[in-house]
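Single-letter residue listing:
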Amino acid sequence: MITNEKLKGIKKEIVERAKGDQEMRRRWGESGFKPNIYNKKIDKENTRYLKSVVERYGWPSSRQFGKKVVKSAWLIVQHAGHDKTFQWNVLRLLKRQVNSAITPKLIATLEDRLLVADGRKQKYGTQFHIDLKSFSISVPPIADKKKLNILRQQIGLRPFEEQLKRVTRSVARMKRK
C-alpha cells in the first residue's frame, strides 16, 4: 500500500527526473553533441530510481499516477540502455498493460530500440542511426519490409517513408546549428 504523501513524492520525482533528462539532451544537442555535455550519470541515476519504484510498486498506472508521470517513466526507461535487463522487463510489463498513456507506438519504439541494441532486426522501423559528425542517417535492418507499413498503421504510426523524411529534415536542422 502506498500512502498519498508517498505517491505524491514519487510522481513529482519521476517527472522532475524526466525533465532533467530532456534538459541535458537539449544542452547536448545545442552544443553540437559534444561528448563532455552528455551526462551518463543522469541516465543511470534515473534508472536506479525508477527501478526501485517498479520493484516496490510495479509499473506506474495511469489511473494511480497520471499520464504525465507514466510517460515520464517511459522516457526514463527508453534512455536506460545501460540496463537492458530492466528495459526488457519493463517492455514485458507494458505489453500486458497498454493504456492511454503508454500507447502501442511507445511500446513499439522501446521494442525496436531493444531489438536494435541486441543486434536484431527492428519490427516497426522506429529506430534510426545518426552519425553526429557527418549527420548521415542509416536505418538499422527491418524484419519484414513488405509488412512494415501495415504494422505501423496498426499501432498508429505514420508510413515509414514519411517518418524517414521527418528524420531527414530534423537532422538537416541539427546540421545547420
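Preceding this section is the structure that the text describes.
Residues numbered from 1 in each chain as written. Predicted model: local features only at pLDDT ≥ 70, side-chain atom pairs only at ≥ 80, totals over all residues. Heavy atoms only, no water.

Colleague: Please clarify how the packing of aromatic side chains should be interpreted in this entry.
Modeller: Here a ring pair, both rings aromatic, is described through the centre-centre distance and the interplanar angle of the planes. Evaluated as defined, the whole model comprises three aromatic pairs. Arranged with centres 4.8 Å apart and planes meeting at 65 degrees, the rings of tryptophan 28 and tyrosine 38 form a pair that is edge-to-face. Linking tryptophan 28 in helix 1 (residues 4-30) with tyrosine 38 in the loop between helix 1 and helix 2 (40-57), this pair joins segments that are ten residues apart in sequence. For tyrosine 38, a relative accessible area of 24% translates into the label partly exposed. The rings of Trp28, Phe33 and Tyr38 are connected pair by pair, giving a single aromatic cluster. (Phe/Tyr/Trp six-rings, centres within 6.5 Å; stacked < 30°, edge-to-face > 60°. Helix = DSSP H or I, 4+ residues; strand = E, 2+ residues; numbered from the N terminus. Buried < 20%, exposed > 50% of the residue type's maximum accessible area, 1.4 Å probe, protein only.)

Colleague: I would appreciate a short explanation of the environment of glutamine 97 in the present structure.
Modeller: Tracing the sequence through the fold places glutamine 97 in the loop between helix 5 (84-96) and helix 6 (104-117). Residues in contact with glutamine 97, not counting those within four places in the same chain, are Trp59 and Pro60. (Contact = heavy atoms within 4.5 Å.)

Colleague: What exactly am I supposed to notice about helix 4 (residues 67-78) here?
Modeller: What sets the pattern is the α-helix's 3.6 residues per turn: residues three or four places apart point alike. A rise of 1.5 Å per residue sets the reference length of helix 4, with its twelve residues, at 16 Å; its end C-alpha atoms lie 16 Å apart and thus fit the reference within 8%. Counting buried positions along helix 4 gives nine out of twelve residues, so the element sits mostly inside the fold. Among all positions of helix 4, only Val69, Val70, Ser72, Ala73, Trp74, Leu75, Ile76, Val77 and Gln78 are buried. Packing partners of the buried residues in helix 4 comprise helix 1, helix 2, helix 3 (62-65), helix 5 and helix 6. (Expected span 1.5 Å × (residues − 1).)

Colleague: In this structure, what is going on with the nonpolar core? I would like to understand it.
Modeller: One recurring pattern in soluble globular proteins is that nonpolar side chains are buried together. Core analysis: the largest hydrophobic core is formed by 31 residues, its most contacted members being Ile14, Leu50, Trp59, Leu94 and Ile102. Among the secondary structure elements, those contributing two or more residues to this core are helix 1, helix 2, helix 4, helix 5 and helix 6. Ignoring any residue separated from it by four or fewer positions in sequence, one finds isoleucine 102 in contact with Trp59, Val70, Trp74, Leu94 and Ile107. Trp28, Phe135, Phe160 and Val171 belong to the second-largest nonpolar core, a separate cluster that totals nine residues. (Core = buried A, V, L, I, M, F, W, Y, C linked by side-chain atoms within 4.5 Å.)

Colleague: I'm lost on unusual backbone geometry in this one. Help?
Modeller: Trans peptide bonds make up the majority, and among non-glycine residues the majority have a negative phi. The phi dihedral of phenylalanine 33 falls on the positive side, at around 65 degrees, and the residue is not glycine. Position of phenylalanine 33 among the secondary structure elements: in the loop between helix 1 and helix 2. On the basis of relative accessibility, which here comes to 17%, the residue phenylalanine 33 falls in the buried class. Its identity as a non-glycine residue notwithstanding, phenylalanine 135 has a phi of 60 degrees, on the positive side. Looking at the element boundaries, phenylalanine 135 is found in the loop between strand 1 (129-130) and strand 2 (137-138). The class for phenylalanine 135 is buried, based on a relative accessible area of 17%.

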